[in-house]
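The residues making up each chain are set out below.
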There are 2 protein chains.
Amino acid sequence: MPTLIPVADPADPRIEAYRDIRERDLVGRQGLFVAEGRVVLEKLLLSRAYQPLSLLIAANRAEALASLLAQVPEGVPVFTAERAVLDAIAGFPLHRGILAIGRRIDTPDADALLARLPPRATLLMLSAIANHDNMGGLFRNAAAFGTHAVLLDSDCCDPLYRKAIRVSVGAALLVPFARLARGEDGLALLARHGFTAIALSPSGETELADLKPTPRTAVLLGAEGPGLAPDLIARATSVRISMTPGLDSLNVATTSGIVLHHLMSKARH
Amino acid sequence: MPTLIPVADPADPRIEAYRDIRERDLVGRQGLFVAEGRVVLEKLLLSRAYQPLSLLIAANRAEALASLLAQVPEGVPVFTAERAVLDAIAGFPLHRGILAIGRRIDTPDADALLARLPPRATLLMLSAIANHDNMGGLFRNAAAFGTHAVLLDSDCCDPLYRKAIRVSVGAALLVPFARLARGEDGLALLARHGFTAIALSPSGETELADLKPTPRTAVLLGAEGPGLAPDLIARATSVRISMTPGLDSLNVATTSGIVLHHLMSKARH
């Protein structure tokens, strides 16, 4: 159990990183991020790719969180504050009463990440996913269905943004990811590593239910609305999910769940 | 093309229903609701279960929306306002620039709704879904995969709440729904109408991929966290979606997408 450090003044410089966290985005500042809530903190403490720099918890929750706090590494400060102080620091009512600042310590480039994967592997390659809810949902589904990695193009938002981590229920800290450089040819990279690329599109040639599994499969998904770029679709196996005619496409996170569930089921049968 | 009625004063009593719409919930007031955005409005104008009572649009969008406005029934007022007035009425920046107040005119009870369905039908029966994002996502998937109806227990939030309609991309206005009375035995109702009830649960006995289709299937889904009540699961065919051990369950809307896609694919093959 680490020593708890009470904070009484919202302006205390030691908790600067927690100030007004709703409006700020720590990502990009040395790979820092905010983790919220017990489930997310558990994943942060389990991970070898991330490390906690500090925690800030509601004083009245310290006892209930004892088993979690026991896993906090030596030397990581755990600040405590009364509810009113906590809310004043965070800038909004912090119902969960538990926050941490974390740092990413494993930042492989896409090539290095793919080189680590096992012979049978599934990954997501995401294009221009700019919505944090969708990014969180994509990681949540990736973790649920045993996806080994996520590749992001340079137009994707950051999976370590607070809301994305929260919506992912911490899965953004579980599934390894790497970002492609702007202009990098992701499909060529996938081919070099033996991945079959399937591109989801409402006008895809193959119905998902008919898709044959391959040992290494990369699922390409683009933002709702514009979808994937036509040249990406043309260079991949294009796959559709049949639906009621005349409706908009599915939510991209839901799409990932349907596709990853299909691939996992086929691999098992 | 209806006559456009300019509104210059945010306090104009004629647009009272649009005031501070983010904070208010019209639902329950004679079945009124707020529809936002072009796609949702298109679905409202197509529907026979709902009718528009009025529209409020940004004056500078009237020309671009001409084809939509041409479908507005005679006698339905279309108010226009400059952007600043519009935002002052709505209480927040209204990027989409198009709102309508609608009314539900078809409100069957659950028994009457089921009596209308075709011999082969799929429906969702939702328990304690209190999150409007999830409710919207559930309707979006229901529409995408041709689900014929949605039944809500008395603990579900309203699908006609503004955010639920928006997240559903208007599908909440497409898929017929009915609410069970508090304490009403939904499973008995389903059985009377010849529906096989399948209950989704992480500990379900049957793996989804092995589920045999039946002519009439009702998919039971509960809120994330608590899930479905044990007595509901015990009285239905319990079904699981296999996933990585140790992770939280899937998002409920994603779950609906996976299950409804499976049922639609099986029905086709």
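Residues numbered from 1 in each chain as written. Chains lettered and ligands numbered in written order. Predicted model: local features only at pLDDT ≥ 70, side-chain atom pairs only at ≥ 80, totals over all residues. Heavy atoms only, no water.

Visitor: Any chance you could explain the side chain of B:Glu36 here in plain terms?
Guide: Residues and elements named next belong to chain B. For Glu36, the position within the fold is in strand S2 (residues 32-36). Polar side-chain contacts of Glu36 include one of 3.2 Å to the side chain of Arg162. Apart from residues no more than four positions distant in its own chain, Glu36 is found in contact with Leu41, Phe92, Leu94, Arg96, Ile98, Leu99, Arg162 and Arg166. (Helix = DSSP H or I, 4+ residues; strand = E, 2+ residues; numbered from the N terminus. Polar contact = N/O pair within 3.5 Å; in protein donor to acceptor, adjacent residues only side chain to side chain. Contact = heavy atoms within 4.5 Å.)

Visitor: Sorry, what's going on with the sheet that holds strand S10 (residues 206-207) of chain A here?
Guide: Residue and element names in this part refer to chain A. The strand order across the open sheet formed by 7 strands is S8-S7-S6-S11-S9-S12-S10, and the pairing between neighbours is parallel. Unpaired on one side and paired on the other, strand S8 (177-179) and S10 mark the two borders of the sheet. Sheet analysis places strand S9 (residues 196-200) next to strand S11 (residues 216-222), joined by 4 bridges and oriented parallel. Bridging from a neighbouring strand, Ala197 pairs with Ala218 of S11. Against the sheet, helix H5 (residues 132-144) engages strand S6 (121-127), strand S7 (149-152), S8 and S11, with an angle of about 175° to S6. Running at roughly 165° to S11, helix H9 (residues 252-268) makes contact with S6, S9 and S11 of the sheet. (Pairing = 2+ DSSP bridges. Axes fitted to C-alpha atoms, helices over the stretch in contact; angles between N-to-C directions.)

Visitor: Teacher, can you tell me more about the domain arrangement of chain A here?
Guide: By convention, interface size is frequently given as the accessible area that disappears when the constituent parts associate. All names here are of chain A. For chain A, the assigned domains are domain 1 (4-104) and domain 2 (110-267). Taken over C-alpha atoms, the centre of domain 1 sits 31 Å from the centre of domain 2. In this assembly, 17 residues from domain 1 lie in contact with 13 residues from domain 2. Between domain 1 and domain 2, roughly 1400 Å² of surface is buried when both sides are summed, and carbon and sulfur atoms account for 65% of that area. In this structure, the salt-bridge partner of Arg166 is Glu36, at a minimum N-O distance of 3.7 Å. Seen at the junction of domain 1 and domain 2, the total is 2 residue pairs in polar contact (both at pLDDT 80 or more). Elements represented by at least two residues in the side of domain 1 that touches domain 2 include exactly strand S2 (32-36) and helix H1 (38-46). Each residue belonging to the side of domain 1 that touches domain 2 can be placed in one class, and the counts come to 9 nonpolar, 1 polar and 7 charged. (Domains from an automatic or database assignment. Buried area = accessible area lost by both parts, 1.4 Å probe. Salt bridge = Lys/Arg side-chain N within 4 Å of Asp/Glu carboxyl O. Nonpolar A, V, L, I, M, F, W, Y, C, P; charged D, E, K, R; others polar.)

Visitor: I keep staring at the environment of B:Tyr18 and nothing clicks. Help me out?
Guide: Residues and elements named next belong to chain B. As for its placement among the helices and strands, Tyr18 is situated in the loop between strand S1 (4-6) and S2. The buried category is assigned to Tyr18, whose relative accessible area is 1%. With 81 residues separating them in the primary sequence, Tyr18 and Leu99 have C-alpha atoms 8.2 Å apart. Setting aside residues up to four positions removed in sequence, Tyr18 forms contacts with Ser54, Leu55, Leu56, Ile89, Ala90, Leu99, Ala100 and Ile101. (Buried < 20%, exposed > 50% of the residue type's maximum accessible area, 1.4 Å probe, protein only.)

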